[in-house]
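Here's the letter readout for the chains.
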Amino acid sequence: MAKGNENASGRRRSAARKARPKSPEERAKLSPKRDPVSVVGVGASAGGLEAFSDLLQALPERPGFALVLVQHLAPAHTSSLPELLSRQTSLPVVQAKDGMRVEVDHVYVIPPNAQLELGERLRLRPRPSGRAQFNPIDLFFSSLAKERGARSIGVVFSGTASDGTSGLREIKAAGGVALAQDPDTARYSGMPSAAIASGVVDLVLSPRQMAAELVRLARHSFVSLAVPRVAGDELGIDGTQLQRIFHILRAANGVDFTHYKPRTIQRRLQRRMVLHKLTDAARYVRYLEEDEAEVQALYRDLLIHVTHFFRDPETIEALQRHVFPKILAAHVGSAPIRIWVPGCASGEEAHLIAIALLEFLSEKEQAVPVQIFATDVSESSLEVARAGTYPASIEADVSPERLRRFFRRSDGSYTVAKPVRDMCVFARQDLTRDPPFSQLDLIVCRNVLIYLGPALQKRLLTSFHYALKPTGFLMLGRSESVGPASGLFQVDKTHKLYTKKLVDLPATAYAVQPWTRSPGLELPRRKAGYGPSLALEADRRLLERFAPPAVLVNKDLQILQFRGRTGTFLEPAPGDANLNVLRMAREGVLQGLRSALDAARKSGAPARKEGLAVRAGSDTVDFDLEVMPLEGADEEHSFLIAFEERTPDRAPAPPRKAAGRRRRAEDPDARVRRLEQDLDALREFLQSTIQEVETGNEELQSANEEILSSNEELQSTNEELDTAKEELQSTNEELNTVNDELQGRNEELTRLNSDLVNLLGSVHIAIVMLSSDLRIRRFTPAAERLLNLIPSDVGRPIGHIKPNLVCPDLGQLVSEVIDSVVTREMEVSDGEGHWYSLRVRPYKSLDSRIDGAVLALFDVSSAKHHEQALEAARRYAEAIVETIREPLLVVDSDLTVRSANPAFLQRFGLEEENVLRRPAGSLLGGDRGLNLVELIADVLREGRRLRDFEFEQDLPGIGRRRILINARRIEGEGERPALALLAFDVTEPL
């Protein structure tokens with residue numbers, strides 16, 4: 001029985017061990033590999049604990065995701081965050097450890113003196129040493145975006161500076177959701193305000209509102225990895241709706257997204273629908289049509305860019321080692337090195353290339369002009385690029401040496417140095433529509449093609465091929481290639497560098513393609529049913545039957561209309577279809593036709609050529625040719641060319657038969673003459689043609705030179721205008737900044753002036769402020785009466801004022817104070833018997849410069865009257881003491897005689913100089929002198945009264961007498977100590 005109980009107890013202990021909650025590390029070891037849970041990254045600094053606590057209190061018991069808090073912590077102190085946060089929630093709160101698996105419905109807190117990243121597990125990294133920027137929130141958000149992609153969620157809470165903004169931008173670029181605390185609810189609004197100002201934040205909420213939104217987003221199939229997708233969750237958007245959305249975006253911003261990658265577009269659209277709690281694409285289209293702000297938000301989402309300084313150091317090294325030397329070797333003359341950075345985003349890429357090129361040129365000790373054209377379709381990104389100001393977080397990407405050399409630090413941010421900014425020209429450009437630059441040495445287009453479809457990729461690569469010099473280079477991103485246009489470039493796979501192949505392409509290959517017309521948006525078509533009328537048909541039959549064959553040509557000799565049967569004289573030329581009448585003329589027609597056209601064009605009158613012959617099969621047809629100029633409604637000259645076949649009577653030929661005289665046999669002499677005539681005509685025609693060709697070549701050469709010169713001038717002018725535009729825009733932005741600062745200072749000065757006016761108006765002290773030239777600048781209302789001032793006295797010298805006071809020359813007094821920098825004070829009175837303390841002190845500016853004086857009058861009448869009353873009372877008391885017949889003595893707190901009346905001196909036979917300032921015990925008491933001194937001290941200290949203290953003492957001239965003393969304490973005034981009054985009664989001789 002005991003054994004059974006022991007076994008049962010063991011089973012219970014084993015079960016208890018199995019049921020005991022395990023640490024996250026133990027659960028990670030025991031549990032098999034699972035799909036990653038949804039993770040919400042939260043970044044906070046000062047004031048973030050309060051916001052995060054509010055968020056935890058508002059979350060349900062099972063929110064369905066894991067929270068990772070990245071807080072700015074003191075590196076040298078142990079963190080108590082897990083304990084503090086555990087009191088706010090029922091969720092497990094643990095401090096993150098390296099290799100820890102992330103569990104759903106858990107809260108993880110970053111430890112102090114470390115950085116945190118998210119991979120398959122949590123990874124701790126040491127805090128950067130030295131002066132490197134410490135941005136743990138950006139680092140974690142970046143790893144979250146890489147690991148979770150479109151399913152990542154980032155939140156920025158209270159804090160100072162801007163940590164978290166760059167990380168939210170990467171989350172947004174990956175298709176995730178970015179949230180920020182409402183600055184009005186944050187103790188420190190720096191971090192959330194910086195994130196909101198960057199334009200990457202999707203939702204701005206209070207912490208408690210954010211809790212419900214996070215639960216909704218995390219449980220949605222668009223974000224959650226744990227919720228299985230069912231029919232309807234994919235938020236399908238059909239082609240018609242997509243085209244409608246593209247049309248709305250194109251109308252609002254001028255950018256066509258038709259050929260962007262459909263999957264990327266679909267994902268971004270679904271993301272916007274999830275944020276607005278919409279499940280029907282048709283409703284979202286209507287929402288776009290009604291809300292312009294949502295159109296702009298979607299536009300920014302589709303164009304989101306993420307870039308860093310020196311994000312791929314090996315790429316920059318490849319440029320400096322392989323590309324720049326070849327570009328410099330091929331450089332000739334004073335022409336600049338031309339570089340194009342399409343899709344430059346906020347300008348880091350362009351400034352980076354400028355820095356790398358400056359470093360290379362300084363090493364080679366060569367000064368070569370450089371032009372870097374950086375373009376993007378986003379105007380907001382270009383504004384950041386033009387300003388060239390970036391947050392302090394770039395310290396993590398840029399070396400201290402480059403920061404010192406190419407950046408200027410101010411107000412917690414870095415601004416690109418002027419030599420770098422001067423090399424870069426930023427302009428808006430839509431790569432799908434706008435023409436490219438030309439004669440470029442290098443094109444750097446990284447992470448742009450990955451967002452475009454194959455057709456658009458091929459078109460852009462063809463444009464790049466056109467834009468590059470024969471020795472130019474193309475650099476693409478790591479995930480990009482020239483696959484759609486592999487025949488145009490040679491590839492260096494090691495560094496993703498491409499060189500231009502010298503292949504001939506038709507001009508149409510470089511043409512910018514127009515927008516693709518969207519379904520449902522077709523232009524109205526021309527209505528059918530415009531057939532010829534009966535009258536026109538009758539005219540056509542008559543012309544065909546009786547009029548000579550003819551053609552109507554325009555000024556370029558292109559046939560506009562055929563009239564009659566012209567096949568005897570014209571035939572299509574071999575090769576591409578061409579309706580040029582000279583190309584279609586048969587043998588025997590061309591010479592006469594050309595000369596007649598020239599004559600008609602020069603004279604403006606009909607020109608005729610007769611006696612021409614054309615071979616028609618085995619026969620020869622004689623004909624005459626006439627060219628008649630015509631003037632159309634558009635004032636462009638056209639020509640009507642008529643072919644008249646010759647008959648014996650020159651009558652019209654019978655219908656539908658060859659009306660000309662067919663010569664089957666011809667006299668040999670006549671044939672020789674005809675051939676000679678043809679030969680002369682051919683020579684004349686050939687000479688005319690040669691002259692025309694030479695003249696045309698000269699004109700073409702001259703025109704070509706003019707066009708080249710004009711093109712260079714226009715290009716130079718365009719570049720100068722772009723530079724001037726950038727400079728003007730930069731200057732305008734600087735002026736706007738200065739204007740804002742001045743406006744803020746004006747408001748502050750107005751407020752300070754109002755405060756000063758109210759302060760001076762509320763004090764009942766006469767104050768006058770004087771300038772260094774003794775002119776009145778400001779005074780209080782109390783000074784108006786005392787100094788006899790009026791408002792118009794401002795600006796007048798103080799010496800011109802006649803105050804209602806009996807005082808010396810105020811001007812002289814103020815001058816002495818300003819010169820000596822010493823405060824002067826005196827008492828003055830007015831005519832009514834009021835007394836004032838006049839105080840004049842130097843006026844010092846904030847930079848300790850003497851800039852005048854301050855004159856102040858304090859009413860001391862009551863104190864003056866009190867002092868006078870005290871003085872009168874003192875004189876009154878002294879008079880009484882002097883005239884009374886009883887001996888009196890006054891002793892101070894040191895038991896020293898202060899005064900003695902004449903009766904005391906006479907009775908005791910003493911001189912006044914031998915009594916004053918002597919100890920009272922040496923004069924009085926006789927054999928009881930010590931007791932008397934102690935009693936007097938008690939009178940002074942405790943206020944006791946001494947009555948009839950008796951002692952005996954020998955008095956000069958009268959012998960030994962018995963003396964009675966009475967003493968009483970006299971209270972002092974203010975800081976004056978108390979005194980003791982002693983009265984003596986001298987009895988008869990013993």
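About the criteria used
- Residues numbered from 1 in each chain as written.
- Predicted model: local features only at pLDDT ≥ 70, side-chain atom pairs only at ≥ 80, totals over all residues.
- Heavy atoms only, no water.
- Helix = DSSP H or I, 4+ residues; strand = E, 2+ residues; numbered from the N terminus.
- Buried < 20%, exposed > 50% of the residue type's maximum accessible area, 1.4 Å probe, protein only.
- Contact = heavy atoms within 4.5 Å.
- Areas by Shrake-Rupley, 256 points an atom, 1.4 Å probe, with all protein chains shown as cover.
- Pairing = 2+ DSSP bridges.
- Axes fitted to C-alpha atoms, helices over the stretch in contact; angles between N-to-C directions.
- Phe/Tyr/Trp six-rings, centres within 6.5 Å; stacked < 30°, edge-to-face > 60°.
- Core = buried A, V, L, I, M, F, W, Y, C linked by side-chain atoms within 4.5 Å.
- pLDDT = per-residue confidence, 0-100.
- Parallel < 35°, antiparallel > 145°, perpendicular 65-115°, else oblique.
- Left-handed = near helix turned anticlockwise from the far one by under 90°.
- Nonpolar A, V, L, I, M, F, W, Y, C, P; charged D, E, K, R; others polar.
- Salt bridge = Lys/Arg side-chain N within 4 Å of Asp/Glu carboxyl O.
- Expected span 1.5 Å × (residues − 1).
- Polar contact = N/O pair within 3.5 Å; in protein donor to acceptor, adjacent residues only side chain to side chain.
- Patch = residues over 30% accessible without salt bridge, like charges linked within 9 Å, V, L, I, M, F, W, Y side chains within 5 Å.
- Lys, Arg positive; Asp, Glu negative; His and termini not counted.
- Charge placed at Lys NZ, Arg CZ, Asp CG, Glu CD.

Here we come to the overall build of the chain. Scanning the chain from N- to C-terminus turns up 27 helices and 35 strands. When burial is assessed residue by residue, the chain has 41% of its 990 residues classed as buried. Looking at the chain alone, contacts between residues at least 24 apart form 60% of all its contacts between residues at least 6 apart. As displayed, the chain has an accessible area near 54,600 Å², and 51% of this comes from carbon and sulfur atoms.

Moving on, we get to the sheet that holds strand 4 (residues 107-109). Here seven strands make up an open sheet; going across it, the order is 3-4-2-1-7-8-9 and the pairing parallel. Each edge of the open sheet is held by one strand with a lone partner, namely strand 3 (93-95) and strand 9 (203-205). Each adjacent strand pair in this sheet contributes to an overall mean axis angle of 20°, direction not counted. Direction of pairing for strand 1 (residues 39-44) relative to strand 2 (residues 66-71): parallel, over a ladder of six bridges. Opposite Gly-43, over in strand 2, you have Val-70 as the bridge partner. Strands strand 1, strand 7 (153-156), strand 8 (177-181) and strand 9 of the sheet are contacted by helix 7 (residues 190-197), whose axis makes an angle of about 140° with strand 8.

Enumeration over the complete set of coordinates arrives at ten aromatic pairs. Between Trp-340 and Phe-437 the ring centres are 5.4 Å apart and the planes differ by 65°, which places this aromatic pair in the edge-to-face class. Of this pair, Trp-340 sits in strand 10 (residues 337-342) while Phe-437 sits in the loop between strand 15 (424-428) and strand 16 (440-445), and the two are 97 residues apart along the sequence. Look at Phe-437 and you get buried, because its relative accessible area is 18%. Seen from their ring centres, Phe-407 and Tyr-414 are 6.4 Å apart, and the 85° between their planes marks the pair as edge-to-face. With a relative accessible area of 3%, Phe-407 lands in the buried category.

To continue, consider the nonpolar core. Judged by nonpolar contacts, the single largest core of 47 residues is most densely connected at Phe-257, Trp-340, Ile-443, Leu-474 and Phe-489. Breaking this core down by element, the ones donating at least two residues are helix 9 (239-253), helix 10 (262-275), helix 11 (281-290), helix 12 (292-302), strand 16, helix 18 (454-467) and strand 17 (468-476). Counting residues in hydrophobic clusters, the runner-up holds 43 residues, among them Leu-361, Ala-392, Val-444 and Phe-473.

Bringing the environment of Glu-103 into the picture now. Examined against the element boundaries, Glu-103 turns out to sit in the loop between strand 3 and strand 4. C-alpha of Glu-103 to C-alpha of Pro-92: the two residues are eleven residues apart in sequence and 9.9 Å apart in space.

What follows deals with the confidence of the model for the chain. The predicted model of the chain has a mean per-residue pLDDT of 78, with 81% of residues at 70 or higher. Of the regions scoring below 50 in pLDDT, residues 1-34 engages in 13 contacts with residues more than four places distant in sequence or in other chains. Residue range residues 225-234 is modelled with pLDDT below 50. Its contacts to residues more than four positions away, or to other chains, number 13 contacts.

With that settled, consider the packing of helix 10 against helix 12. Helix packing geometry: the angle between the two helix axes and the distance between the axes. Relative orientation of the contacting elements helix 10 and helix 12 amounts to 140°, with a least axis distance of 10 Å. Accordingly, the angle class assigned to the pair helix 10 and helix 12 is oblique. For the element pair helix 10 and helix 12, the recorded crossing hand is right-handed. Residues Ile-265, Arg-268, Leu-269, Arg-271 and Arg-272 of helix 10 form the contact with helix 12, whose participating residues are Glu-294, Ala-297, Leu-298, Asp-301 and Leu-302. Taken together, the residues that form the contact of helix 10 with helix 12 break down as five nonpolar, no polar and five charged.

A pair can form between side chains of opposite charge whenever their charged atoms are brought close. Tallying each qualifying case throughout the model produces 32 salt bridges. Between Arg-777 and Asp-851 there is a salt bridge; the shortest N-O distance is 3.4 Å. With a gap of 74 residues between them, Arg-777 in strand 26 (residues 776-779) and Asp-851 in strand 30 (residues 850-859) connect regions that are remote in the sequence. The structure contains a network of salt bridges with shared partners spanning Arg-608, Glu-610, Asp-624, Glu-626 and Glu-644.

A few words now on helix 5 (residues 136-148). Given a rise of 1.5 Å per residue, 13 residues ought to cover 18 Å, and the 18 Å separating the end C-alpha atoms of helix 5 matches this to within 8%. Counting buried residues along helix 5, ten of its 13 residues qualify, which places the element largely inside the surrounding structure. If you check which residues of helix 5 are buried, you get Pro-136, Ile-137, Asp-138, Phe-140, Phe-141, Ser-142, Ser-143, Leu-144, Ala-145 and Arg-148. Phi for Gly-149, located one or two positions after helix 5, is positive at around 60°.

Another aspect to go through is the pairing of strand 20 (residues 550-553). Neither face of strand 20 is open: one carries Ala-550 and Leu-552, the other Val-551 and Val-553, and all of them are buried. Taking the residues that link successive antiparallel strands as the turn, the strand 20-strand 21 (residues 559-563) hairpin has five residues, and the phi of Leu-557 there is positive, at about 65°. Across four bridges, the pairing between strand 20 and strand 24 (residues 637-645) is antiparallel. Note that in strand 24 the partner of Val-551 across the bridge is Ile-641.

Once that is clear, we can look at the sheet that holds strand 14 (residues 413-416). Read across the open sheet, the three strands follow the order 12-14-13; overall the sheet is antiparallel. Only two strands of the sheet have a single partner each, and these edge strands are strand 12 (389-391) and strand 13 (407-410). Going across the sheet, the axis of each strand differs from the next one's by a mean of 30°, ignoring polarity. Bridge analysis of strand 13 against strand 14 gives four bridges, and the strand direction is antiparallel. Across the sheet, residue Ser-410 finds its bridge partner in strand 14, namely Ser-413.

Here the focus is helix 9. Across its 15 residues, helix 9 extends 21 Å between first and last C-alpha, which sits within 8% of the 21 Å expected from 1.5 Å per residue. The set of residues buried in helix 9 consists of Gln-241, Leu-242, Gln-243, Ile-245, Phe-246, Ile-248, Leu-249, Arg-250 and Asn-253. The inward-facing, buried residues of helix 9 contact helix 10, helix 11, helix 12 and strand 15.

Once that is clear, we can look at the side chain of Gln-181. Positionally, Gln-181 belongs in strand 8. Within the structure, the side chain of Gln-181 is placed 3.0 Å from the backbone nitrogen of Ser-158, a separation counted as a polar contact.

Note on placement: His-106 falls in the loop between strand 3 and strand 4. Within the structure, His-106 has its side chain in polar contact with the backbone oxygen of Val-104 (distance 2.9 Å).

Moving on: a negative patch on the surface. Taken together, the side chains of Glu-882, Glu-911, Glu-912 and Glu-913 present a region of like negative charge at the surface. Relative to the elements of secondary structure, Glu-913 occurs in the loop between helix 26 (902-908) and helix 27 (929-942). Judged by its relative accessible area of 60%, Glu-913 falls in the exposed class.

Below, the discussion takes up unusual backbone geometry. A positive phi angle is found at Asp-105, which is not glycine, with a value near 60°. For Asp-105, the location among the structural elements is in the loop between strand 3 and strand 4. For Arg-917, which is not a glycine, the phi torsion comes out positive at approximately 70°. Positionally, Arg-917 belongs in the loop between helix 26 and helix 27. Among the residues examined, Arg-917 registers a relative accessible area of 54% and is labelled exposed.

Let us now look at the pairing of strand 32 (residues 897-900). With three bridges connecting them, strand 31 (residues 888-891) and strand 32 associate as antiparallel partners. Bridge assignment links Val-890 to a residue of strand 32, and that residue is Ser-899. Hairpin remark: strand 31 followed by strand 32, antiparallel, with five residues in the connecting loop; positive phi at Leu-895, about 60°.

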